[in-house]
Amino acid sequence: MNIFRLAGDISHLLAIIILLLKIWTSRSCAGISGKSQLLFTLTYTTRYLDLFTNYISLYNSSMKVIFLATSFATLYLMYVRFKATYDHNHDTFRIEFLLVPTVILSLLINHDYAPLEVLWTFSIYLEAVAILPQLFMVSKTGEAESITSHYLFALGSYRALYIFNWVYRYYAEGFYDLIAIVAGVVQTVLYCDFFYLYITKVLQGKKLQLPA
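Residues numbered from 1 in each chain as written. Predicted model: local features only at pLDDT ≥ 70, side-chain atom pairs only at ≥ 80, totals over all residues. Heavy atoms only, no water.

- Going by an unreviewed UniProt entry, the protein chain carries the name ER lumen protein-retaining receptor and comes from Penaeus vannamei.
- One UniProt comment on the protein chain, placed under Subcellular location (unreviewed entry), says "Endoplasmic reticulum membrane". (UniProt positions renumbered as here; feature names shortened; annotations may be inferred.)

1. Examining the UniProt feature "transmembrane region" (unreviewed entry) in the protein chain
In step 1: Per the UniProt record, "transmembrane region" (unreviewed entry) is annotated on residues 55-80, 92-113, 119-138, 150-168 and 174-199.
In step 2: In this annotation, residues 55-80 is assigned 88% helix and 0% strand; the end-to-end C-alpha distance for the span is 33 Å.
In step 3: As annotated, residues 174-199 has a helix share of 81% and a strand share of 0%, and its two end C-alpha atoms lie 34 Å apart. (Helix = DSSP H or I, 4+ residues; strand = E, 2+ residues; numbered from the N terminus.)

2. So, the side chain of R47
In step 1: Mapped onto the elements, R47 comes out in helix 2 (residues 34-47).
In step 2: The class of R47 is buried, set by a relative accessible area of 11%.
In step 3: A distance of 3.0 Å separates polar atoms of two side chains, one belonging to R47 and the other to S123.
In step 4: Beyond its immediate chain neighbours, meaning those up to four positions away, R47 contacts W120, S123, I124, E127 and Y158. (Buried < 20%, exposed > 50% of the residue type's maximum accessible area, 1.4 Å probe, protein only. Polar contact = N/O pair within 3.5 Å; in protein donor to acceptor, adjacent residues only side chain to side chain. Contact = heavy atoms within 4.5 Å.)

3. Focus on the nonpolar core
In step 1: The biggest cluster of nonpolar side chains holds 46 residues, and the ones touching the most others in it are I23, F40, I131, Y151 and L155.
In step 2: At 7 residues, the largest contribution of residues to this core is made by helix 7 (residues 146-173).
In step 3: Residues within four places of L155 in sequence aside, it is in contact with H12, A15, F40, I131 and Y191. (Core = buried A, V, L, I, M, F, W, Y, C linked by side-chain atoms within 4.5 Å.)

4. Remarks on helix 6 (residues 132-141)
In step 1: The complete set of buried residues in helix 6 reads P133, Q134, L135, M137 and V138.
In step 2: Just downstream of helix 6 lies G142, where phi reads positive at about 85°.

5. Quick word on the packing of aromatic side chains
In step 1: Counting across every chain of the model gives 14 aromatic pairs.
In step 2: Relative to F195, the ring of F153 lies with its centre 5.5 Å away and its plane at 75°, an arrangement referred to as edge-to-face. With F153 in helix 7 and F195 in helix 9 (residues 192-200), this residue pair connects regions lying 42 residues apart in the sequence.
In step 3: Among the residues examined, F195 registers a relative accessible area of 15% and is labelled buried.
In step 4: Taking the centre distance of 5.3 Å and the plane angle of 70° together, the rings of Y158 and Y162 count as edge-to-face. Of this pair, Y158 and Y162 are both found in helix 7, 4 residues apart, which corresponds to roughly one turn of the helix.
In step 5: What links up through ring pairs into an aromatic cluster is the set F40, Y44, Y48 and F67.
In step 6: The aromatic ring of W24 is capped on one face by R27, whose charged end is 4.4 Å from the ring centroid. (Phe/Tyr/Trp six-rings, centres within 6.5 Å; stacked < 30°, edge-to-face > 60°. Lys NZ or Arg CZ within 6 Å of the ring centre and 35° of its normal.)

6. Considerations on the pattern of salt bridges
In step 1: Inspection of the entire model under this criterion finds 6 salt bridges.
In step 2: A salt bridge links R5 to D9, with the nearest nitrogen and oxygen atoms 3.2 Å apart. Remark: D9 and R5 occur in helix 1 (residues 3-26); sequence separation between them is 4 residues, near one turn of the helix.
In step 3: Here D9 falls in the buried class, since its relative accessible area comes to 4%.
In step 4: Linked through salt bridges whose partners overlap, the residues forming this network are R47, E127 and R159. (Salt bridge = Lys/Arg side-chain N within 4 Å of Asp/Glu carboxyl O.)

7. Thoughts on unusual backbone geometry
In step 1: At R27, a residue that is not glycine, the phi angle is positive and equals roughly 55°.
In step 2: By secondary structure assignment, the location of R27 is in the loop between helix 1 and helix 2.
In step 3: The partly exposed category is assigned to R27, whose relative accessible area is 38%.

What follows is the structure, given as structure tokens:
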């Protein structure tokens, strides 16, 4: 494992920890898109079905279990434990506009038509756009709490670091996966405006507010 992959995984874990701590300590899921969390849970569930069939390493299996457990825990907190604080009125992105194209794309463009491979490809495409309901929610409300901004920055950093991981693997190992690379680049691009606002506002102690 290279440093970029490890840093990406740490950033991903940090994003999840920030999100769970935000919900648990504030006893509220205000400002968090339940639809994005549903899409992320679907992403990890379809990607990590090979947990039962393909053992790579203890680290790999542990990370899969952690991502699955925390994603379902987040759904429980949002839709059961703190359901009354969930802002349905602003979380209105129509996720069928993401699900249908990703299903079709995964059936048309994949490495192999084996069921687990198609599901893995679907998860890659879906993860690339799963954050859109959250970004839409932020744009609709016009602002985001600082801790929510930290969560989004850590999540975006995870994908950006994975781009460096793929570059490293290409030059060091001669390995590349075009599907994962393209999807990862698309996902990182979606965060670009947010990265700019985070650096120019949140890191300077200001609240993240979108221009009117």
